[in-house]
Each structure stands twice: as C-alpha cells, then as structure tokens.
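These are the residues of each chain, in order.
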Number of protein chains: 2
Amino acid sequence: MILTVTLNTALDITYRVRSLRPHASHRVSEVTERPGGKGVNVARVLAALGHEVTVTGFTGGATGRVVRERLAAVPGVLDALVPVTGATRRTVAVVDERTGDTTQLNEPGPTITPSEWSAFQETYAALLPGVSAVALCGSLPPGVPVGAYAGLVRTARSHGVPVLLDTSGEPLRRGVAARPDIIKPNAEELAELTGSHDPLRATQDARRRGAAAVVASLGPQGLLAVTRDGRWQATPPAPARGNPTGAGDSAVAGLLSGLVEHLPWPTRLARAIALSAATVTAPAAGEFDRGAYEELLTRVTVAGEVSAA
Amino acid sequence: MILTVTLNTALDITYRVRSLRPHASHRVSEVTERPGGKGVNVARVLAALGHEVTVTGFTGGATGRVVRERLAAVPGVLDALVPVTGATRRTVAVVDERTGDTTQLNEPGPTITPSEWSAFQETYAALLPGVSAVALCGSLPPGVPVGAYAGLVRTARSHGVPVLLDTSGEPLRRGVAARPDIIKPNAEELAELTGSHDPLRATQDARRRGAAAVVASLGPQGLLAVTRDGRWQATPPAPARGNPTGAGDSAVAGLLSGLVEHLPWPTRLARAIALSAATVTAPAAGEFDRGAYEELLTRVTVAGEVSAA
C-alpha cells in the first residue's frame, strides 16, 4: 500500500469555450469534473499501474462530497481523507477551443483549524505502519503551519517509510531540511530553493540541504536525478505535444512505483519520463495514454554514471 | 404569495483575481457563492421588499444542494424547486481587481428529461391557485421544449393569475404569442423579437404580438412602458455606476410588486428604476442598497401620457 497526502485537495473543473475574451460573457460548451490535487492525481496513476493506494488529506463541503463520490469510483484507490468544516477548493481550467490554450483559476482552499490539523496528523501516523512509501504533494491550505511537511517527513522516517516530497517555496525549504528520500522540484522551484539557475549545481545543492535524492524536472529536457547511487539525465524521444496538466504528478507516480518495486534508478526515471509524456499527449487532461506509455518506455534515453562505492 | 419560475437555476460563483490574463494561472483571492438564476434573484428582491415568494424550477446534484441550503436561509422565500437527476449549472464571474471588469463563464445547465418536465408542469399548476402573480424568468435548460414559456403563460392565464415573462430569443417570441400580462425585454431582445431598433416602434410592435404591457429596459435611458393604460418613460436621476449584475431582475421585482400592490404604472416604473439603480450601486453583486433605493425613489422622473379611455 502506497500513501499519498494531499492537504489541499480540489475539485478540478474543466470548461471548454469557443474563445476566451476578458470582460465578455461566455457560454461553456463542455464541463468536466474530477477529483484533484497533486496527491490525488498521483494516486490515480499509481492505481492504473496496479498499485493499491490510500489517499489522505482534507476534504469538506459540497465540493468535498463530490470529490469523495468520484474517488470511490476509482478502482484501487482507498479514501482516508479527513473531514473539515471548510469546503474543498475548486480549480477551473478554461480551455480556449480556438488556440487550445488553458487559463487556470485556482481557489485558495478552506482554512484548516488547529484541531483539524491535529486530527490529520493522527490519521497520518495511524496509516504509516501499513504503507510501503508515502508521497507528500502540493500546496498547503490556509491554517496549516508552513513547517507541516517537515513534520510529516520526520514522522514517516520515524516509521521507516520512504517519503517523496513534491511541493515548493518555504514548505519545500523546511521539508528538505527534514531529510526526505526524494524531492522532485521543477527548474523554477529548484532555483527558488537553492538560488542557482544551473540545474546540476542546484540539484547537488538541494541534496546538501537534506534530500537523499533530487529529481529535477527540466521540461522538454526531461529529468536530472542526483542520488546516492549516481546521477542520470533521462530524456524523452521527442518533446511531447499536448496538455501538460498532471504530467509532473505522473512523473511522481513513476518514481514512487519504481521505489516500492525496488527498481534501479535508470528504470525509475524511464518510467517517470514515459508516464509524464504519455500524460501530455493523452486526450483527457491529467490522464495517461497507456499505449503511448508502453511505447515511450522503450524509447527514453537515460545517460549517467553510477557513483563510486 | 408571488411565484417565480427559474427553469435554469444556478449556483452563482464570483472570483476576485488581481488581473485576468488569458493562458495564465491565477490565484483566486476571494470566492463568494449564492443561489442564482433570474427568478431566484427576483424572489430575493421581492422578499426584501416584504413579499412572500415561492421559487420553483429545477435543481439537482451537489450544486443544487448548495442552492437549496442557501435559499433556505433567505427569509420570506419558500423553496418549491423540482429535483432532477442532472446537476444545477454554475456561473462563474471573474472580477479583475485592477479594472473592475467582469468576465462571465456560464455552464449550460443539466438536460431535463421529459418526465422531469412533466413533473415540473404538475408542480407549477398545483402552485398557481395560491398565488397573486407569477414571473417566468431566464433561459431554458437543454431538454425543455422551446415553447415551454408559452405553455406556462397559458396555464397561468387559465388560473386568472397575472404573468410576467422575462426571457429572450425563440422562447420569448413563442411566449409573447400566448399573451402574457407583462414582458420586460432589453433593447437587444426587443430588436430580436420585432426586427426594429427603434425602441418605441419595437415596444408597440411587441404589444401587437400579444403582450398586454411591454416594459423595455433601455440601459441608462431607463424604462419605456407601453400598456393599455398609457405609455411612460421612466429615467433615473443619473446613470448608475457599478456592477449591473441583477439590475434587470431587480426591475422585474419592482414591476411585479407594483402589480400585486395594484399601484398605478408610473409608481411601478419608479420602483423598478430605483431598485435597478440601487442594485448597480450596491457593493455586493445582485444585492440592492436599501438606503439608495429609498432615496432614488423620490428622484426618478416618469413622463408620459394616459391613454384615452
């Protein structure tokens, strides 16, 4: 059982409109809804890869009820979300049919009370003994302390559970100091953390700050991983064209599944790249195309070197 | 008891963002939600004026539950909405904090099945014996026949209940032919109905098509009313500055309350103008400012002539 944590779950809504024009009124031609938040997306991909996954985090209000109803329909995903008084946030992606571009509107999320935060920490600690790995994903809702992920990393480590952290800003900075097993920043998050815009230098610096392995996602250049076993650059056969929503979450699912399957790093990275690219090219936002994934797996390039023992 | 019909109820969501830029990602700084759809807005204003109001129409899904919960908290408004399988639509108004402008995204609404439409017609007919006036408001959701309002006008007339129709396009064209007591088109709707862009000519033509009274809303020029009692032009003391959302619905509430109170037409028009302007200037979208309303009432100009008997 893998555990994913999404403190700021979401109801992800996608609108299609003919053409988005500020200050105009638009008739939405198509509405789709699905449970979201990074950890929820990671869980869905892990389940599709055949893993059993538990999702926890917060959920509340009418939007939270929809999130839970929809999650219950996903095979392989168990719901251990903690109820809160506030309403789960919505995210609205407005797709312009003419250009294919997406405009994103993200609600901030409900304010979490101190007692709700305590209830979550108890749930989390109670789940850890039964899990093989944990992913801590996404932004913090209002009310959750900025050091939240650092605490959750330490609790996982005290249970001997490997932990992947995928967040940004100050929660990432503090979380890294608590020594997670893997972090997966993008170039911007990495530069914010380290002050360096040189990917290799920044990745190495992030390891010195406490992360056992750093997997930097460099967009079309793929993934740069620096771990205690060595360092690798994994690149897709060609830049993927499509909707990048959820591509990073699919990469996290690839890394996490590879970790619990005890795969060597190059295989984990190839899986992460293939899942990520197969998510970009999938017709539905955030889903991955299984055929494309399996085909891409054979065509990812992984170059690197194993550390001297 | 006044009855308002909203076949396409909505959960109206307002987002405030720093500045709306297509293809960018936006953090929403403030989220507000309220039950919407024209008839619901009319009911809220009527209730604020001290009238008892029943709202009917369709409601469903998680969004519909929120609409009903919020409506239950409005004093003076009774909920006689008919449950449907599909989900009540959302409308999203994105307010740009820099310019004050609003970008509107309107979901189409749930598809109504033939049996749901029948259930509504039964509810409507059962409510009519207890009401003093009915307002039929807004667009038709998918699945409702385009002649729906024409049928609802006829049913109201057969019960001797005066009926105000506020819609547009083909539903308006057909509804007018069924001889409603009042229609309240704006200049664009009136031109679409009659083919004429001359307000007086178009208003007179709309009466010939079947409406006993036509109250054309001409934006800053106020209201032009042509009725069997005479014709009047009512104008606000100055153009109102602010958010025009709901101003037309407030005008409908003014006309309807004046009708059930048996007020003369000039008084009804003054009330409609004052409510409408006090809605534009109110800080919250769709609400009206009671102080501004009472002050404006004394300053509306109504010019016109009573028909020769």
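Residues numbered from 1 in each chain as written. Chains lettered and ligands numbered in written order. Predicted model: local features only at pLDDT ≥ 70, side-chain atom pairs only at ≥ 80, totals over all residues.

### Considering the confidence of the model for chain A
Any segment with low pLDDT has predicted coordinates that should not be analysed in fine detail.
Line of reasoning, step 1. Looking at chain A as a whole, the pLDDT averages 95, with 99% of positions reaching at least 70.
Line of reasoning, step 2. Of the two predicted TM-score estimates for the complex, the pTM is 0.88 and the ipTM is 0.86. (pLDDT = per-residue confidence, 0-100.)

### Here's the deal with the relation of the copies chain A and chain B
Line of reasoning, step 1. At an RMSD of 0.0 Å, chain A and chain B line up after a rotation of 180 degrees and a shift of 0.0 Å along the axis. With respect to symmetry, the two chain copies, as superposed, fit the operation of a two-fold axis. Minimal C-alpha distance to the rotation axis in chain A is attained by Ala62(A), lying at 3.0 Å.
Line of reasoning, step 2. Mapped onto chain B, 100% of the interface residues of chain A are again interface residues, and the two copies thus contact each other with one and the same surface. (Least-squares fit on C-alpha atoms with pLDDT ≥ 70 in both. Contact = placed C-beta atoms within 7 Å.)

### With respect to the interface of chain A and chain B
Line of reasoning, step 1. Taken together, the contacts link 25 residues of chain A with 25 residues of chain B.
Line of reasoning, step 2. Looking at the side of chain A that touches chain B, the elements with two or more residues in it are β2 (10-17), β3 (25-27), α2 (61-72), β8 (89-96) and β9 (102-106) of chain A.
Line of reasoning, step 3. Its residues assigned to classes, the side of chain A that touches chain B shows 13 nonpolar, 7 polar and 5 charged.
Line of reasoning, step 4. Taken together, the 3 bridges between β3(A) and strand β9 (residues 102-106) of chain B define a ladder with parallel strand orientation. Opposite Ser25(A), over in β9(B), you have Gln104(B) as the bridge partner. (Helix = DSSP H or I, 4+ residues; strand = E, 2+ residues; numbered from the N terminus. Nonpolar A, V, L, I, M, F, W, Y, C, P; charged D, E, K, R; others polar. Pairing = 2+ DSSP bridges.)

### Focus: the environment of Gly210(A)
Residue and element names in this part refer to chain A.
Line of reasoning, step 1. As for its placement among the helices and strands, Gly 210 is situated in the loop between α7 (199-208) and β13 (213-217).
Line of reasoning, step 2. Looking at Gly 210, the number of C-beta atoms within 10 Å reads 17, which means it is partly exposed.
Line of reasoning, step 3. Note: C-alpha distance between Gly 210 and Arg 173 (37 residues apart in sequence) is 9.6 Å.
Line of reasoning, step 4. Aside from chain neighbours lying at most four places away, what touches Gly 210 is Val 176, Ala 177, Ala 178 and Arg 179. (Buried ≥ 20, exposed ≤ 12 C-beta atoms within 10 Å, placed from the backbone.)

### As for the sheet that holds β9(B)
Line of reasoning, step 1. The strand order across the open sheet formed by 5 strands is β3(A)-β9(B)-β8(B)-β2(B)-β4(B), and the pairing between neighbours is mixed. Edge positions in the open sheet fall to β3 of chain A together with β4 (30-36) of chain B, since each of these has one partner strand only. When strand polarity is set aside, the average angle formed by the axes of neighbouring strands in this sheet is 15 degrees. (Axes fitted to C-alpha atoms, helices over the stretch in contact; angles between N-to-C directions.)

### Structural notes on helix α2 (residues 61-72) of chain B
Line of reasoning, step 1. With 12 residues, α2(B) extends 17 Å from end C-alpha to end C-alpha; this agrees with the ideal 16 Å at 1.5 Å per step.
Line of reasoning, step 2. When we look at burial in α2(B), the residues that qualify are Ala62(B), Thr63(B), Gly64(B), Val66(B), Val67(B) and Leu71(B).
Line of reasoning, step 3. Those residues of α2(B) that are buried lie in contact with α2 of chain A together with β2 (10-17), β4, β5 (53-59), β6 (77-79) and β8 (89-96) of chain B. (Expected span 1.5 Å × (residues − 1).)

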